[in-house]
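Residues per chain are reported as follows:
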Amino acid sequence: EAGVAQSPRYKIIEKRQSVAFWCNPISGHATLYWYQQILGQGPKLLIQFQNNGVVDDSQLPKDRFSAERLKGVDSTLKIQPAKLEDSAVYLCASSLARTSGSHGELFFGEGSRLTVL
Amino acid sequence: GQQVMQIPQYQHVQEGEDFTTYCNSSTTLSNIQWYKQRPGGHPVFLIQLVKSGEVKKQKRLTFQFGEAKKNSSLHITATQTTDVGTYFCAGRQTSGSRLTFGEGTQLTVNP
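Residues numbered from 1 in each chain as written. Chains lettered and ligands numbered in written order. Predicted model: local features only at pLDDT ≥ 70, side-chain atom pairs only at ≥ 80, totals over all residues. Heavy atoms only, no water.

Engineer: How do you make sense of the overall build of chain B when you look at a structure like this?
Structural biologist: Of the regular secondary structure elements, chain B holds zero helices and eleven strands. Its C-alpha atoms give chain B a radius of gyration of 13 Å, near enough to 13 Å, the size a compact globule of 111 residues would have. The C-alpha extent of chain B, read off along each of the three principal axes, is 45 × 25 × 20 Å. Counting every position in chain B, which comprises 111 residues, the buried fraction comes to 49%. The contacts in chain B between residues at least 6 apart in sequence include a share of 55% that link residues at least 24 apart. Roughly 5200 Å² of accessible area belongs to chain B as shown, and the carbon and sulfur atoms make up 49% of that amount. Where the 11 positive side-chain charges of chain B centre and where its 7 negative ones centre are 11 Å apart. (Helix = DSSP H or I, 4+ residues; strand = E, 2+ residues; numbered from the N terminus. Rg over C-alpha atoms; globule rule 2.2 N^0.38 Å. Buried < 20%, exposed > 50% of the residue type's maximum accessible area, 1.4 Å probe, protein only. Contact = heavy atoms within 4.5 Å. Areas by Shrake-Rupley, 256 points an atom, 1.4 Å probe, with all protein chains shown as cover. Lys, Arg positive; Asp, Glu negative; His and termini not counted. Charge placed at Lys NZ, Arg CZ, Asp CG, Glu CD.)

Okay, here's the thing in structure tokens:
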């Protein structure tokens, strides 16, 4: 079974530039998550999708971050403009959970490491 | 908002020693999950606990969920060098679906 695919693996940009990350979840997984993991910290949820609807985006800095999951499959996370403090690994995860209240393990991708100079 | 705290932040042990990490939530949880992240890797699911007072074992790993469903622990017996990594707990609130991760405990094992 193919895992969660993410690209690019690494990205270096200057502050105020824009960047986009792509994620393709495991086939059949209804729930997709974007987490931000700053070095030495635990993953922090940015946004959670259930199919193509947003379940939780309360911790997404909406003035600069946006995410979409068209057709309920793959997803894109964009940062525009980037700040120095956005340097982190952006982890995409998916789970089978078919309702927002159900429980399930998360399968993570390898992550996209962003460095903002 | 919900906070999930883990202690210790770092733990260095000699191979063969035991290791325990503790997780505490500011709110009651519907379930708690544990993940392991190897250096340079991504979090990998270990286990989920749902019931109050639940205890589960995986070989040398023992997971516990507190009676009040606000705390949990992971105990590793006789650590091996393959146990190296950061262990995260992640709690899900009873009132929502967000999975909140703790800051993790980084384990190093000296051979």
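Engineer: Which parts of the structure should I look at to understand the state of the cysteines?
Structural biologist: As used in these notes, a disulfide is a covalent bond between sulfur atoms, one from each of two cysteines. Residue and element names in this part refer to chain A. Considering all chains together, one arrives at two disulfides over all chains under this definition. Disulfide pairing places C23 opposite C92 at an S-S distance of 1.9 Å. Classification of the bridge connecting C23 and C92 rests on its S-S torsion, roughly -65°, and on that basis the disulfide is left-handed. Residue C23 is found in strand 3 (residues 19-24), and its partner C92 is found in strand 9 (residues 88-95); the two are separated by 69 residues along the sequence. Here the two residues C23 and C92 agree in accessibility, since each one is buried. (Disulfide = S-S within 2.5 Å.)

Engineer: Could you clarify how one ought to interpret the sheet that holds strand 3 of chain A in this entry?
Structural biologist: What links the strands of a sheet is backbone hydrogen bonding, and the strands pair in either a parallel or an antiparallel sense. Residue and element names in this part refer to chain A. Spatially, the four strands line up as an open sheet ordered 1-3-8-7, and their pairing is antiparallel. Either end of the sheet is taken by a strand with one partner, and the two such strands are strand 1 (5-7) and strand 7 (65-68). Geometrically, the sheet is characterised by an average inter-axis angle of 15° between neighbouring strands, direction not taken into account. Sheet analysis places strand 7 next to strand 8 (residues 75-79), joined by four bridges and oriented antiparallel. The residue bridging E68 from the neighbouring strand is T76, located in strand 8. (Pairing = 2+ DSSP bridges. Axes fitted to C-alpha atoms, helices over the stretch in contact; angles between N-to-C directions.)

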